[in-house]
Amino acid sequence: MTTLDTEIVIIGSGAGGAVTAATLARAGRDVTVVEEGPWVDPGALEPFSLDEMVAKYRHQGGAAALGAPPVAYAEGRCVGGSTEINSGLWHRLPDALADDWRERHQIEEFTPEALGRYADRIEEELTVSKLPGAPPESSAVLARGADALDWRSVEFARVFRYDQDHRGVKQTMARTFIPAAVDAGATMLPNCRVDRLLRSGDRIVGVRCTRRRPDGTDEDLTLHADHVIVCGGAIQTPALLQRSGLRRNIGGGLKLHPTIRVAARFRHALDHADVPMHRITEFGPGLEIGGSASRRSHVALALSDSTADYDDAMDDWEKVAVYYAATHDGVGRVTTLPGLRAPLVTYRLSEGDMSRLGRGLVLLGEALLAAGATELYPSMTGAPVVRRREDLVSWWDAVTRSRTNLMTVHMTSSVRIGEDRDRSGADSYGRIWGMRNLRVNDASLLPDAPGVNPQSTIMTLALRNADQFLADG
Amino acid sequence: MLWFERQLVATMTRHLDPDGRSRVSNYVEGSLTAMPEHLRLCVGAESLALGLWARLPGRLGGALREGSAVSLQALELHPLNPVRQYARLMRSLVLFAEQELQPGAGG
């Protein structure tokens, strides 16, 4: 058993943990970051490839929230967390949503102006910007479809740094805030799983870990600390808290952005290197329409989901890309099970969600056909392939709980913040109720699903809470 | 992997040489092992049940045992949701690996 001492342990190195670590280390605090996954050179593997899935995804991408229908989900498990595997899209929390959350959940210092100041700082450091030059064709078709139907669409900014030739490099946490934290004196411990928090009354005195050595063997490690900040994401954070005996308002209220997909075939080739950065915003909040990663393997999966014959479309896969409609009204739960490492995740879609998914699918189909798509394959078992606008109506009836195949990469809200102790797991700054030195600072804190890519909101909140930690002394 | 899972993966894998087929099989095995334990338990239970069914004498078991296209489609369109989800999971794993192992997978 190895024992180490540190002032602050940060558990997890994704969007929340990395921002927290860099902020506290730069302020001269003694920080140790514990990450369950390995260090993987951020440029070493092709984005969204099989090799990346094996190296960087938790469960190699094979996890699902149980329910009717189940929702497949993916999380990063490496230094940098899910920022290493996402598309890098950046969307500030809409002002109206910040106002709504502040009032409904009684959150202090949660005005659009206050959040905007923190978002400005993150955006400057990460060089958040729109793509210089023309968007890739797989993205442009969304804008063209929306224009043809007189709908609003937006090109999202991304967490990318571009060179003079417009070549972009995603500014993941392993490229930015983690090196910044280490440069400022933080210690990074990859391959180190935290099994439980060590509790003494209303204090956490340390964490017990299992560290994987380079030779593949495991060693027990105990880290003693004055402060513990859990940043494992909306699934792992509540699971760790529950394993450590903390259950009050922990794990319930999980929110997802379940997506239903369509593989769209066009007459011309589409580029497949980038995830589309356009979104159709005409029907938000509540319904978002956008594009997904479309390597050949993703195209094959999306085509096959309709269970129609797709060999001909697959032969033409360079003219096919994958798009989605997303909603977020349902609610789920994360529950640890005795003896099992992985928590049980459940999610119940509301009737409103099912209805919006059906509507979203039809609207997505309309936009793609208006943009020139010739064939649409929906991700529903037994649903028809659509080639004409008037046939889209057949999808309404096909969106049922038993036939619909859903997935998500956005999980939030399993330890909600707020000043109402009966409804929240943590206060306005992520301090766990009833504990003197335990905080959460990741996607779990969002009081609701933002309905847009949550990365910006997670990092903004993390910076705000880290500043508050320093202010608290 | 269980017996029925191996049969299914072998039947679903297309277009690849023996080395490619072996890599697909290894990937599927790795993915099943990496799944959350409770999900792996459910998948394993279905594999055992379907494996027993496939060993039954007669037309149904025979078709499944031989992994015919008809029987695969029957699983994917089965009226029972868990059976459909099972078939979809196995098909997705095989398809993803097959496509990723071909040159130019990224486009």
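Attention here is on the structure that accompanies the text. (Residues numbered from 1 in each chain as written. Chains lettered and ligands numbered in written order. Predicted model: local features only at pLDDT ≥ 70, side-chain atom pairs only at ≥ 80, totals over all residues.)

Moving on: the overall build of chain B. Across its full length, chain B carries six helices and zero strands. Ordered by position from the N terminus, the helices and strands of chain B form the series α-α-α-α-α-α. Looking at chain B as a whole, 33% of its 107 residues are labelled buried. (Helix = DSSP H or I, 4+ residues; strand = E, 2+ residues; numbered from the N terminus. Buried ≥ 20, exposed ≤ 12 C-beta atoms within 10 Å, placed from the backbone.)

Turning to helix α4 (residues 112-126) of chain A, a few remarks are in order. All names here are of chain A. With 15 residues, α4 extends 20 Å from end C-alpha to end C-alpha; this agrees with the ideal 21 Å at 1.5 Å per step. What α4 keeps buried is the set L115, Y118, A119, I122 and L126. The buried side chains of α4 occupy one side of the element, clustering within an arc of 100° when seen end-on. Counted as exposed and oriented over 90 degrees from the buried face of α4: E113 and E124. On its buried side, α4 packs onto α3 (95-105) and α12 (455-472). (Expected span 1.5 Å × (residues − 1). Arc of directions from axis to C-beta. Contact = placed C-beta atoms within 7 Å.)

We now examine the packing of helix α1 (residues 3-12) of chain B against helix α3 (residues 37-54) of chain B. Residues and elements named next belong to chain B. Where α1 contacts α3, the two axes come as close as 8 Å, and the packing angle between them is 75°. Taken as axis vectors, α1 and α3 run roughly perpendicular relative to one another. Taken together, the residues of α3 that come into contact with α1 (itself represented by W3, F4 and E5) are S47, L50, G51 and A54. Broken down by class, the residue content of the contact of α1 with α3 amounts to four nonpolar, two polar and one charged. (Axes fitted to C-alpha atoms, helices over the stretch in contact; angles between N-to-C directions. Parallel < 35°, antiparallel > 145°, perpendicular 65-115°, else oblique. Nonpolar A, V, L, I, M, F, W, Y, C, P; charged D, E, K, R; others polar.)

Next up on the list: the pairing of strand β13 (residues 218-230) of chain A. Residues and elements named next belong to chain A. Bridging between strand β1 (residues 2-11) and β13 involves nine bridges; their strand directions are parallel. Opposite T2, over in β13, you have L221 as the bridge partner. As judged from the seven bridges shared by strand β12 (residues 203-212) and β13, these two strands associate in the antiparallel manner. Bridge pairing in β13 links C209 to L221. Taken together, the three bridges between β13 and strand β24 (residues 438-440) define a ladder with parallel strand orientation. Bridge pairing in β24 links I229 to R439. (Pairing = 2+ DSSP bridges.)

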